[in-house]
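# Fold and contact review
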Amino acid sequence: MNQSLANKLVLCDLDNLLLGPDGNLTQVVRDVLQLFSSRGGRFTVFSQRTPKAVRAILGSVRLSAPALVCGGTLAYHFADGSRQPLCSFAGQDAGLFASLPSAAGVGIALQMQDGSTRVLRMSHALEQHLQQEWTPYLLANAADIRPDEVLRALVYQDNRSIPLTSLLEKALGDSTTALLGERAAPDLLRLTPRTVSGAEMLQAVCTPVGIAPENVLVLAGNMPMLELVRAASRSAAAADAPAELRLAAKQVTLTDAAGGAAVEVLYRMVRDAEKLA
């Protein structure tokens, strides 16, 4: 094992840097990950998906540290099935989820601390995302949901003309001010009770495997990893990442996300380690 790689950890954006157009790991990514691992490299991922969906995508690829899933609200260790929630709706009104808009064309899903996805109201857009992201789910009744078990709520709209923000404000009233709303896509709004700090996420990944936060390289492709990039002492952003992310990163790759930004970084780390050996 090459000690120059073994004492470092790469935390990579799974959704934006490792997947091909079909939603699977590309063969070149699998090959480079195998090479990186065989040289002693340690690797894990950040994803908007749930643990089951991430495991299905990774297949035989093994992670050496907890993954940050559900947008970084949950640290999940596939090695032993342990999990560490990084936020919850504890303290919120028990009727909060029942109050979410029930308008036609609006779908609502909850991502839970146990790693599952509960669908309160299905819509065409929500169904499409569940299929595209390989996310298993359960239908649920809002009255049966405990706020302290919820990581975040996902609100989908079938039609862009649906006034989702005003619907939420009307439905939730004063509770709206206690939530953070993030427009993740034209048809998706994510609701969390608070932001999760990048430092918290790094600690949740590092502590179980004995890696110091300063030895983590955060490899990012899109804005959800911005706080992680800001908190990390070592970071790289894809050449076509949003400008704010590129400015926050310590370095920018020569290639864009689809062109192999992750492959570029991992292969360079292997070559640099070989030179030092």
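Right above here is the structure, for reference.
As a starting point, this report considers the structure included with it. (Residues numbered from 1 in each chain as written. Predicted model: local features only at pLDDT ≥ 70, side-chain atom pairs only at ≥ 80, totals over all residues. Heavy atoms only, no water.)

### A look at the sheet that holds strand β9 (residues 150–157)
Within a beta sheet, neighbouring strands are joined by backbone hydrogen bonds and run either parallel or antiparallel to one another. Across the sheet, which stays open at both edges, the six strands sit in the order β8-β7-β6-β9-β11-β10 with mixed pairing between neighbours. The sheet is open, and its two edges are formed by β8 (138–139) and β10 (180–185), each paired on a single side. Pairing geometry for strand β6 (residues 106–112) and strand β7 (residues 117–121), over four bridges, is antiparallel. Note on β7: the bridge partner recorded for Leu 110 is Arg 118. Packed onto the sheet, helix α6 (residues 164–172) meets β6, β9, β10 and β11 (188–192) and runs at close to 35° relative to β11. (Pairing = 2+ DSSP bridges. Helix = DSSP H or I, 4+ residues; strand = E, 2+ residues; numbered from the N terminus. Contact = heavy atoms within 4.5 Å. Axes fitted to C-alpha atoms, helices over the stretch in contact; angles between N-to-C directions.)

### Some details on unusual backbone geometry
In this structure, Cys 70 takes a positive phi of about 55° despite not being glycine. Mapped onto the fold, Cys 70 is located in the loop between β3 (67–69) and β4 (74–77). Judged by relative accessible area, which is 0%, Cys 70 ranks as buried. Even without glycine at this site, Trp 134 takes up a positive phi of about 55°. Structurally, Trp 134 is set in the loop between α5 (124–132) and β8. (Buried < 20%, exposed > 50% of the residue type's maximum accessible area, 1.4 Å probe, protein only.)

### Concerning the nonpolar core
Formed by 66 residues in total, the largest nonpolar core has its most connected members in Leu 14, Leu 18, Leu 25, Phe 43, Leu 68, Val 218 and Leu 228. Here the element with the most residues in this core is helix α10 (residues 261–276); it accounts for eight residues. When neighbours within four sequence positions are excluded, Leu 18 is seen to be in contact with Cys 12, Asp 13, Asn 24, Leu 25, Thr 26, Val 29, Phe 43, Val 45 and Ala 262. One finds Phe 89, Leu 100, Ile 108 and Ala 142 within the second-largest nonpolar core, a separate group that totals 21 residues. (Core = buried A, V, L, I, M, F, W, Y, C linked by side-chain atoms within 4.5 Å.)

### Considerations on α10
A rise of 1.5 Å per residue sets the reference length of α10, with its 16 residues, at 22 Å; its end C-alpha atoms lie 23 Å apart and thus fit the reference within 8%. Residues of α10 that are buried include every one of Ala 261, Ala 262, Val 263, Glu 264, Val 265, Leu 266, Met 269, Val 270 and Ala 273, and no others. (Expected span 1.5 Å × (residues − 1).)

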